[in-house]
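Single-letter residue listing:
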Amino acid sequence: MADNVKKKKNLFERFANWATIATGSSAAFLIAIGIIIVWGITGPIFKYSDTWQLIINTGTTIVTFLMVFLIQKSQNKDSKAIHLKLNELLASHQGASNRMVDIEDLNEKELDQLHKFYVQLSELAEEEDDITCTHSIDAAEANHISKLDHLNSKPHYVNARKNHSKKS
């Protein structure tokens, strides 16, 4: 299967992978320093003319412009791979909430809400005597329902329970 995937990579994909590795190498850095040194040394020869300055400015602008796209492609690929690996871990772990798979598709407000929830879980975990005690969204929901069942004599809990039942 891996051979089929490699064969299907298009020319740009292969070039982008090669360029990412090449431009991130020590050799590429040394070449860039060498170019700047040569440019600097040639300054007196060209009397620091506008053309001499334009050469380095144009060259660095073009390289920077192209590298932005190359870096973005590389980051997109890495990000997708990391998300897939995390999704696999979530899906395979018994205690993990499968609702966390693909949360990168949530909007900022929804992510902030989840963040606040996990801050609360962290605070709860710090209060536990047993450091192996875990909390998840599903466990928290089960705990919430258990509390509602226990406190069903209070009107505000009864209303919350009705609202929860309507959602389910």
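Summary of the structure given here. (Residues numbered from 1 in each chain as written. Predicted model: local features only at pLDDT ≥ 70, side-chain atom pairs only at ≥ 80, totals over all residues. Heavy atoms only, no water.)

## Topic: the packing of aromatic side chains
To be explicit about the condition: Stacked, edge-to-face and tilted are the three classes for Phe, Tyr and Trp ring pairs, Trp counted by its six-membered ring, which pair at centre distances within 6.5 Å; planes under 30 degrees apart are stacked, over 60 edge-to-face, the rest tilted. Only protein chains enter the accessibility calculation, which uses a 1.4 Å probe; a residue whose area is less than 20% of its type maximum is buried, one above 50% is exposed, and one in between is partly exposed.
By the definition in use, this model includes five aromatic pairs. Ring geometry for Y48 and W52: centres 5.2 Å apart, planes at 85°, overall edge-to-face. In this structure Y48 comes out as partly exposed when scored by relative accessible area, which is 46%. Cluster of aromatic residues (ring-pair linked, three or more members): W39, Y48 and W52.

## So, helix α5 (residues 108-127)
As a reminder, the rule being used: Runs of E in the DSSP output that reach at least two residues are strands. Runs of H or I that reach at least four are helices, and both are numbered from the N terminus. In a helix, the anticipated span is given by 1.5 Å times the number of residues less one. In protein, a polar contact means a hydrogen-donor-capable atom and an acceptor-capable atom, both N or O and within 3.5 Å, with residues adjacent in sequence counting only if both atoms are side-chain atoms; elsewhere, any N or O pair within 3.5 Å suffices.
Taking 1.5 Å of rise per residue, 20 residues should cover 28 Å, and α5 covers 29 Å from first to last C-alpha, within 8% of that figure. You can read the cap of α5 off the contacts: a side-chain oxygen lies 3.1 Å from the backbone nitrogen of K109, and it is on N107.

## Observations concerning the packing of helix α2 (residues 11-23) against helix α4 (residues 50-92)
This is how the line gets drawn: Fitted lines through C-alpha atoms give the axes, limited to the stretch in contact for helices. The angle between two N-to-C directions lies from 0 to 180 degrees. Any angle that is under 35 degrees is reported as roughly parallel, and any over 145 degrees as roughly antiparallel; angles of 65 to 115 degrees are reported as roughly perpendicular and all others as oblique. Note on definitions: a residue-residue contact is assigned when non-hydrogen atoms from the two residues lie within 4.5 Å. Throughout this entry, Asp, Glu, Lys and Arg are counted as charged residues, while Ala, Val, Leu, Ile, Met, Phe, Trp, Tyr, Cys and Pro are counted as nonpolar. The remaining residues, Gly among them, count as polar.
Contact geometry of α2 with α4 gives a least axis separation of 10 Å together with a crossing angle of 105°. Judged by the inter-axis angle, α2 sits roughly perpendicular to α4. Mapping the contact onto sequence places F12, E13, A16, N17, A19, T20 and T23 in α2 and M67, L70, K73, S74 and K77 in α4. Residue composition of the contact of α2 with α4, grouped by class: five nonpolar, four polar and three charged.

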